[in-house]
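Residue-level structural notes
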Amino acid sequence: MFLRFGKQKSERDGKQGGMEDTQRLVDAAYALHESLYAQTEEARAASMQRASEEAVAAVDACEAAVEAEGGPAKDAPMQARLWYLRGKSLACTPAGRSSDATIRLLSDAVKLDPALTDAWDCLGECFWSQGDLEAARFTFLGALEHARTATTLCHLSMLLRGMSRQGPGVNEAQLSESVQLAKEAVRLNATSARAWCGLGNAHLALYGSLTSSVDDLQMAHRAFAQACGPVWSRN
C-alpha cells in the first residue's frame, strides 16, 4: 500500500510540475503584449505570434501528459486550468484576444473553477478587446468576488476611466470609483509600478475631466514618481 501511495504522489507531483512549467511559459508569452513597444508593429506582431505558438505547444504537451496519466475528466480544477492556459495562450496576440474561441475557453474555465482569478482577468481583457466594455466590467467584478487582487483592481480602474467618457458627458461616479479602485490596488501591492501608474492616471483623469484641482494633479505626480522607484516590480 505504501508503494502504491508513493507512486500516486509521484504522479501528482510530476503532473503539477509540468503544469507549473507550462504556466510560467504562458505567463511570459502573455506579458509580451505590454513589453514590446520599442519594436516596429510588424516585429511586435511576429514576436507575439511566435510566443503564442510556443505557449499553445506547451499546453498541448501538458494536456497530452495529463491524458496519458488518465486524463482530467475526474479532476475539475485540472480541466479548468488546462482550458484557462489554452485560452491565455491564444490571447497572446491581438487577434487571439478578440477571438470567440478564446472567450469560450476562458469562460468554461471560470465556470468550472471560479477561483482561477487570472482566467477572469484574461476573459475581461478579451471582452474589452472586442469592445464589449460592459461584459468586461462584469467579468472583472466577477473576479473580485473571489479575490481582490491588485491586477484585477487595476484593470477595472482603467476600464471605468474609459467608460466614463462614453456618454455625452463625463460620468463622475465612474471616475471616482476608478480612483478608489486604484488606491486599493496600491494598498494591496505597494511595490507594483503598474498599480502606482494606475493611481496616477486615475487622478490625472479626475483632474482633466472633472475637478481641475491642483490636489489631483499633485497626487498624480506623486503616484507617477512612486512608479519610477528602482525596486518596484512591473506587475
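Given the structure is predicted, the values throughout are model-derived calculations rather than measurements.

Right, let's talk about the overall build of the protein chain for a bit. Counting its secondary structure elements, the protein chain contains eleven helices and zero strands. Moving toward the C terminus, one meets the helices and strands of the protein chain in the order α-α-α-α-α-α-α-α-α-α-α. Scored against the burial criterion, the 235 residues of the protein chain give a buried share of 43%.

As a further point, take the packing of aromatic side chains. Across all of its chains, the model carries one aromatic pair by this definition. Considering the side-chain rings of tryptophan 128 and phenylalanine 140, the 6.3 Å spacing of their centres and the 75° angle between planes classify their relative orientation as edge-to-face. Note that tryptophan 128 is positioned in helix 6 (residues 117-130) and phenylalanine 140 in helix 7 (residues 133-146), a separation of twelve residues in sequence. Given the relative accessible area of 26%, tryptophan 128 is considered partly exposed. Above the plane of the ring of phenylalanine 138 lies arginine 137, whose end atom (NZ or CZ) is 4.8 Å from the centre.

Another aspect to go through is the packing of helix 2 (residues 41-68) against helix 3 (residues 76-90). Interhelical geometry of helix 2 versus helix 3 gives an angle of 165° and a closest axis separation of 8 Å. In this view, helix 2 runs roughly antiparallel relative to helix 3, as classed from their interaxial angle. Where helix 2 crosses over helix 3, the two elements pack in a sense that is left-handed. Here Ser52, Ala55, Val56, Val59, Asp60, Cys62, Glu63 and Val66 of helix 2 come into contact with helix 3, specifically with Met78, Leu82, Leu85, Arg86, Ser89 and Leu90.

With that settled, the discussion passes to helix 7. For helix 7, spanning 14 residues, the distance from its first C-alpha to its last is 21 Å, which sits close to the expected 20 Å at 1.5 Å a residue. Those residues of helix 7 not exposed but buried are Leu133, Ala135, Ala136, Thr139, Phe140, Gly142, Ala143 and Leu144. On its buried face, helix 7 is in contact with helix 6 and helix 8 (150-163).

For the rest of this paragraph, the subject is the confidence of the model for the protein chain. On average, the protein chain scores 88 in pLDDT, and the residues at 70 or more come to 87%. Low pLDDT, under 50, characterises residues 1-14; the predicted model gives this stretch two contacts beyond four residues in sequence or across chains.

Phi at serine 212 takes a positive value of approximately 55°, unusual for a residue other than glycine. For serine 212, the position within the fold is in the loop between helix 10 (193-211) and helix 11 (214-227). When its relative accessible area of 54% is taken as the criterion, serine 212 is described as exposed.

On to the environment of aspartate 108, then. In this structure, aspartate 108 sits in helix 5 (residues 100-112). Each C-alpha atom, one on aspartate 108 and one on tyrosine 84, is 8.2 Å from the other, the two residues being 24 residues apart in sequence.

Angle between the axes and distance between the axes: these two values describe a pair of packed helices. Where helix 6 contacts helix 8, the axes come no closer than 10 Å and their chain directions differ by 20°. Looking at the two axes, helix 6 sits roughly parallel to helix 8. For helix 6 against helix 8, the interelement crossing comes out left-handed. Across the interface between the two elements, Thr117, Asp121, Glu125 and Trp128 from helix 6 touch Thr151, Thr152, His155, Met158 and Leu159 from helix 8. Within the contact of helix 6 with helix 8, the residues separate by chemical class into three nonpolar, four polar and two charged.

Core analysis: the biggest nonpolar cluster contains 54 residues, and Tyr84, Leu156 and Leu159 have the highest contact counts within it. Once residues within four sequence positions are removed from consideration, tyrosine 84 is found in contact with Gln23, Asp27, Leu106, Ala109, Leu116, Asp118 and Ala119.

Examined against the element boundaries, threonine 139 turns out to sit in helix 7. Residue threonine 139 is classed as buried on the basis of its relative accessible area, which comes to 6%. For threonine 139, the contacting residues outside a window of four places in its chain are Trp120, Leu123, Gly124 and Phe127.

With that out of the way, let us pick up helix 9 (residues 172-188). Helix length check: helix 9 (17 residues) gives 25 Å between terminal C-alpha atoms against 24 Å at 1.5 Å per residue, within 8%. If you check which residues of helix 9 are buried, you get Gln174, Leu175, Ser178, Val179, Leu181, Ala182, Glu184, Ala185 and Val186. Buried residues belonging to helix 9 abut helix 8 and helix 10. One side-chain oxygen of the residue at the start of helix 9 lies 3.2 Å from the amide nitrogen of alanine 173, identifying that residue as asparagine 171.

Cut-offs and rules
- Residues numbered from 1 in each chain as written.
- Predicted model: local features only at pLDDT ≥ 70, side-chain atom pairs only at ≥ 80, totals over all residues.
- Heavy atoms only, no water.
- Helix = DSSP H or I, 4+ residues; strand = E, 2+ residues; numbered from the N terminus.
- Buried < 20%, exposed > 50% of the residue type's maximum accessible area, 1.4 Å probe, protein only.
- Phe/Tyr/Trp six-rings, centres within 6.5 Å; stacked < 30°, edge-to-face > 60°.
- Lys NZ or Arg CZ within 6 Å of the ring centre and 35° of its normal.
- Axes fitted to C-alpha atoms, helices over the stretch in contact; angles between N-to-C directions.
- Parallel < 35°, antiparallel > 145°, perpendicular 65-115°, else oblique.
- Left-handed = near helix turned anticlockwise from the far one by under 90°.
- Contact = heavy atoms within 4.5 Å.
- Expected span 1.5 Å × (residues − 1).
- pLDDT = per-residue confidence, 0-100.
- Nonpolar A, V, L, I, M, F, W, Y, C, P; charged D, E, K, R; others polar.
- Core = buried A, V, L, I, M, F, W, Y, C linked by side-chain atoms within 4.5 Å.
- Polar contact = N/O pair within 3.5 Å; in protein donor to acceptor, adjacent residues only side chain to side chain.

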